[in-house]
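Now for the letters of each chain:
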Amino acid sequence: MGREFVEIFDEWIDSYDESVSGKDEEYREVFAGYDTILQKVADAAQGLTVEFGVGTGNLTEKLLKKGIKVVGIEPNAAMRAHTKQRFPELQIEDGDFTSFPLPEEPVQTLVSTYAFHHLTDEEKKEAVLYYRKVLSEDGQVVFADTMFENDIARKKQWEKVEAQGYINLLEDLKREYYTTKPIMEALFQEAGFTVSFTQLNDYVWLIHAKKAEDFTG
């Protein structure tokens, strides 16, 4: 699920960390406050944590420094090899947001940054319904990803990026499945989560969803 974008990272692996550090002008605003964004996700993680889309291991590093036990899920072979070399003791598996090997122990937290947009809204719904089943009773989802306040905000951002002359970013924003806050809120609530949102820069929001105790769906 979302694997149609996997090959993009074969080309991006050598320059990804430069992009997130702000050296790529087009994506500077997307990755503004990148380190802080990752830290906020890591700070919220508790217990056995599954990380989707480990990439080059930047969030992984913060989770491990916190003493969290991490199982990494990454569909791109080059990224898996890179991160495994960086953290030899890390358990990292081939998988995606809905197809991944479950640890034997209860999973308390699912984390991801800059990746959930690879799924269509329907696929996001399927993923969140699955998370309700696989998480422990006190389980939570902590994602940080690009999305928009609403459809009007999305259109305005497209217009801004086009005026900036950022053609690659504009193509990216129109090609992948960046959703809106109301859609994201609805799909988590319908799956039995209480969810909160915190905007972290002009593009990225922190999504913190916890299993609702009184859910009967």
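Above: the structure in question.
So, here's what we can say about the structure.

Aromatic ring pairs are described here by two measures, namely the spacing of the ring centres and the angle between the planes. This structure, assessed with the given rule, holds 14 aromatic pairs. Between Phe31 and Tyr34, the aromatic rings sit 5.9 Å apart at their centres with planes inclined by 80 degrees, giving edge-to-face as the arrangement. Per residue, the accessibility class of Phe31 equals that of Tyr34, and both read buried. Relative to Phe100, the ring of Phe52 lies with its centre 5.0 Å away and its plane at 75 degrees, an arrangement referred to as edge-to-face. Taken as a pair, Phe52 in strand S1 (residues 49–52) and Phe100 in the loop between strand S3 (91–93) and strand S4 (107–113) lie far apart in primary sequence, 48 residues in all. Here the aromatic cluster, defined as three or more aromatic residues joined through ring pairs, consists of Phe52, Phe97, Phe100, Phe116, Tyr130, Tyr131 and Phe143. Note that Lys124 overlies the ring of Phe116, its terminal NZ or CZ placed 6.0 Å from the centroid.

Mapped onto the elements, Gln140 comes out in strand S5 (residues 135–146). In this structure Gln140 touches Ala44, Ala45, Gln46, Gln108, Thr109, Leu110, Leu135, His208, Ala209 and Lys210, once residues within four positions along its chain are discounted.

This paragraph deals with helix H6 (residues 121–134). The end-to-end C-alpha distance of H6 is 20 Å, a good match for the 20 Å that 14 residues give at a rise of 1.5 Å each. Buried residues in H6 make contact with S1, S4, S5, helix H9 (181–190), strand S6 (193–199) and strand S7 (204–211).

What follows covers the pairing of S1. Alternating residues of S1 divide into Thr49 and Glu51 and Val50 and Phe52, and every residue in both groups is buried. Where S1 meets strand S2 (residues 70–73), four bridges bridge the pair, whose relative direction is parallel. Among the inter-strand pairings, Val50 is bridged to a residue of S2, identified as Val71. Crossover handedness for the path S1 to helix H4 (residues 58–65) to S2: right-handed. Of the strand pairs in this sheet, S1 and S4 are connected by four bridges, and their pairing is parallel. By the bridge assignment, Thr49 is partnered in S4 with Thr109.

All right, on to the sheet that holds S7 then. Pairing in this open sheet of seven strands is mixed, and the strands run S3-S2-S1-S4-S5-S7-S6 from one edge to the other. The two strands at the open ends of the sheet, each matched to only one other strand, are S3 and S6. Neighbour to neighbour, the strand axes of the sheet diverge by 15 degrees on average, direction disregarded. Both S6 and S7 contribute to a ladder of seven bridges, which runs antiparallel. Looking across to S7, one finds that Thr194 is bridged to Lys210. With respect to the sheet, H6 is in contact with S1, S4, S5, S6 and S7, its orientation differing from that of S5 by roughly 150 degrees. Those strands touched by H9 are S5, S6 and S7, and its axis lies near 155 degrees from that of S6.

This brings us to the nonpolar core. Ranked by internal contacts, the top residues of the largest apolar core, which has 32 residues, are Leu63 and Leu169. Broken down by secondary-structure element, the contributors of at least two residues to this core are helix H3 (34–44), H4, S5, helix H8 (167–175) and S7. Counting residues per element, this core draws most heavily on H3, at six residues. Among residues more than four places away in sequence, those in contact with Leu169 are Glu26, Tyr27, Val30, Val161 and Tyr203. Residues Phe52, Val71, Met147 and Trp205 belong to the second largest nonpolar core, which totals 29 residues.

Basis of the calculations
Residues numbered from 1 in each chain as written. Predicted model: local features only at pLDDT ≥ 70, side-chain atom pairs only at ≥ 80, totals over all residues. Heavy atoms only, no water. Phe/Tyr/Trp six-rings, centres within 6.5 Å; stacked < 30°, edge-to-face > 60°. Buried < 20%, exposed > 50% of the residue type's maximum accessible area, 1.4 Å probe, protein only. Helix = DSSP H or I, 4+ residues; strand = E, 2+ residues; numbered from the N terminus. Lys NZ or Arg CZ within 6 Å of the ring centre and 35° of its normal. Contact = heavy atoms within 4.5 Å. Expected span 1.5 Å × (residues − 1). Pairing = 2+ DSSP bridges. Right-handed = clockwise from strand over helix to strand, strands pointing away. Axes fitted to C-alpha atoms, helices over the stretch in contact; angles between N-to-C directions. Core = buried A, V, L, I, M, F, W, Y, C linked by side-chain atoms within 4.5 Å.

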